Amino acid sequence: MALKASPDAQARLLDLQALDTKIAQLTHRAKGLPQHAAIAKLQAEIDALRIVLLEQSGAREDVLTELGRIESDVSLVTARIARDTERAQHSTSAKDAQAFEHELSNLAKRQYDLEEIELTVMERLEERENALAATGAGIESLQAQIDAIVVERDAELVGLQADIVAANADRAAIAGTVPDDLLALYDKQRLRYGVGASHLRFGVSSASGVKLLENEMAEIRAAAPDDVIMCATSEAILVRTKESGL
């Protein structure tokens, strides 16, 4: 049996469709705020810098390990110099004294070489730490930009969400006045085709923008006012009003 509903009930579907369109537009705007893309771009930059930070941290650790080995070698040489100096001071043998002098000379050169290497490594360490600090500062700067954009985005979302809530409340109020079977058909067609109700205005279906053929208009004129008619082009419920051109 064909679905029937009063002309007033069918007309209310146009108000429902207008609200559903508004809700969809508001939801699309909320999802498409430019801040979303800006945040994603900045977050990608942060993620890339964090990879660099890990690499720089690893390079710094390598230099620290190298510096630790050199400092250990310097400590050993320094200890040997102190030990041999003390032994030389207490030696009574000219031959031993000459041997200690030669050994101390070699140790002094070794100590000098190690300290030069140590200085070079410390300079490299400073470079690594400066690079690490610069990358960390870059991440903090980008994060500060994200935080500022998030505040701006959230402020816009609050307004849009308030509009969506208000539109949903209006929709619920109108939907409550539409017969269940008519509302179910409207929702089914809207979810399937994107539009649930189409206004027939001066012979044109608002959902498709297509002007109906004369034979189609004749069939619509012959239908009872409470017959629920479907639009052949949009698959939406075709709502007739005084502006339909019938």
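These lines cover the structure that appears in this document, whether it is placed above or below. What you see is a predicted model; the values in this text were computed from it and never measured.

Parameters and conventions
Residues numbered from 1 in each chain as written. Predicted model: local features only at pLDDT ≥ 70, side-chain atom pairs only at ≥ 80, totals over all residues. Heavy atoms only, no water. Helix = DSSP H or I, 4+ residues; strand = E, 2+ residues; numbered from the N terminus. Contact = heavy atoms within 4.5 Å. Polar contact = N/O pair within 3.5 Å; in protein donor to acceptor, adjacent residues only side chain to side chain. Expected span 1.5 Å × (residues − 1). Buried < 20%, exposed > 50% of the residue type's maximum accessible area, 1.4 Å probe, protein only. Axes fitted to C-alpha atoms, helices over the stretch in contact; angles between N-to-C directions. Left-handed = near helix turned anticlockwise from the far one by under 90°. Nonpolar A, V, L, I, M, F, W, Y, C, P; charged D, E, K, R; others polar. 1 Å grid on protein atoms, 1.4 Å probe; cavity = no way out; pocket = protein on both sides within 12 Å on 5 of 7 lines; lining within 4 Å. Points joined across faces, edges and corners; volume = space filled by probe spheres on them. Pairing = 2+ DSSP bridges. Core = buried A, V, L, I, M, F, W, Y, C linked by side-chain atoms within 4.5 Å.

1. Observations regarding the side chain of Ser234
Next up, step 1: Mapped onto the secondary structure, Ser234 falls in the loop between β4 (229-230) and β5 (237-240).
Next up, step 2: Each residue touching Ser234, except ones within four places of it in the same chain, is listed here: Tyr193, Ser198, Ser205, Ala207 and Ser208.

2. Some points on the side chain of Gln35
Next up, step 1: When you line up the elements, Gln35 lands in helix α2 (residues 34-90).
Next up, step 2: Looking at Gln35, its side chain comes within polar contact range of the side chain of Glu156, at 2.8 Å.

3. Some thoughts on helix α1 (residues 7-31)
Next up, step 1: The first and last C-alpha atoms of α1 sit 36 Å apart over 25 residues, in line with the 36 Å expected at 1.5 Å per residue.
Next up, step 2: For α1, the set of buried residues is Ala9, Gln10, Leu13, Leu14, Leu16, Gln17, Leu19, Asp20, Ile23, Leu26 and Ala30.

4. Structural notes on the packing of α1 against helix α4 (residues 180-193)
Next up, step 1: α4 packs onto α1 with a crossing angle of 40° between their chain directions and a minimal axis gap of 11 Å. For the crossing formed where α1 meets α4, the hand is right-handed. Along its contact with α1, which presents Ala9, Gln10, Leu13, Leu16, Gln17 and Asp20, the element α4 presents Leu182, Leu183, Tyr186 and Arg190.
Next up, step 2: Across the contact of α1 with α4, the residue classes tally to 6 nonpolar, 2 polar and 2 charged.

5. What to know about the layout of surface pockets
Next up, step 1: In this structure, the largest pocket spans a volume of roughly 160 Å³.
Next up, step 2: Looking at the lining of the largest pocket, the elements with two or more residues in it are α5 (214-222) and β4.
Next up, step 3: A total of 3 residues in the lining of the largest pocket trace back to one element, the largest contributor, which is α5.
Next up, step 4: Here the lining of the largest pocket is built from residues that sort into 8 nonpolar, 1 polar and 2 charged.

6. Looking at unusual backbone geometry
Next up, step 1: With phi around 55°, Phe202 is a residue other than glycine that occupies positive phi space.
Next up, step 2: Within the secondary structure, Phe202 sits in the loop between β1 (197-201) and β2 (204-205).
Next up, step 3: Judged by relative accessible area, Phe202 falls into the exposed class, the value being 52%.
Next up, step 4: For Glu235, which is not glycine, the phi dihedral falls at a positive 65°.

7. Overview of the environment of Glu216
Next up, step 1: Position of Glu216 relative to the elements: it lies in helix α5.
Next up, step 2: From its side chain, Glu216 meets the backbone nitrogen of Leu213 in a polar contact 2.8 Å long.

8. Looking at the sheet that holds β2
Next up, step 1: Strands sit in the order β3-β2-β1-β5-β4 across an open sheet of 5 strands; the sheet is mixed. With partners counted over all chains shown, the strands left at the sheet margins are β3 (210-211) and β4, one partner each.
Next up, step 2: Here β4 runs beside β5; their pairing, made up of 2 bridges, is antiparallel. The residue bridging Met230 from the neighbouring strand is Ile237, located in β5.
Next up, step 3: Sheet contacts for α4: β1, β4 and β5; angle to β5, the most-contacted strand, approximately 125°.

9. Quick word on the nonpolar core
Next up, step 1: Counting residues in hydrophobic clusters, the biggest one holds 24 residues, and the most contacted among them are Leu13, Leu16, Leu182, Tyr186 and Ile237.
Next up, step 2: When residues of this core are traced back to their parent elements, those giving at least two are α1, α3 (94-175), α4 and β5.
Next up, step 3: Per element, the largest residue contribution to this core is 8 residues, and it comes from α1.
Next up, step 4: Here Leu16 is in contact with Arg171, Ile174, Ala175, Leu183 and Tyr186, once residues within four sequence places are set aside.
Next up, step 5: Judged by nonpolar contacts, the second largest core, of 10 residues, contains Val63, Ile81, Leu114 and Val121.

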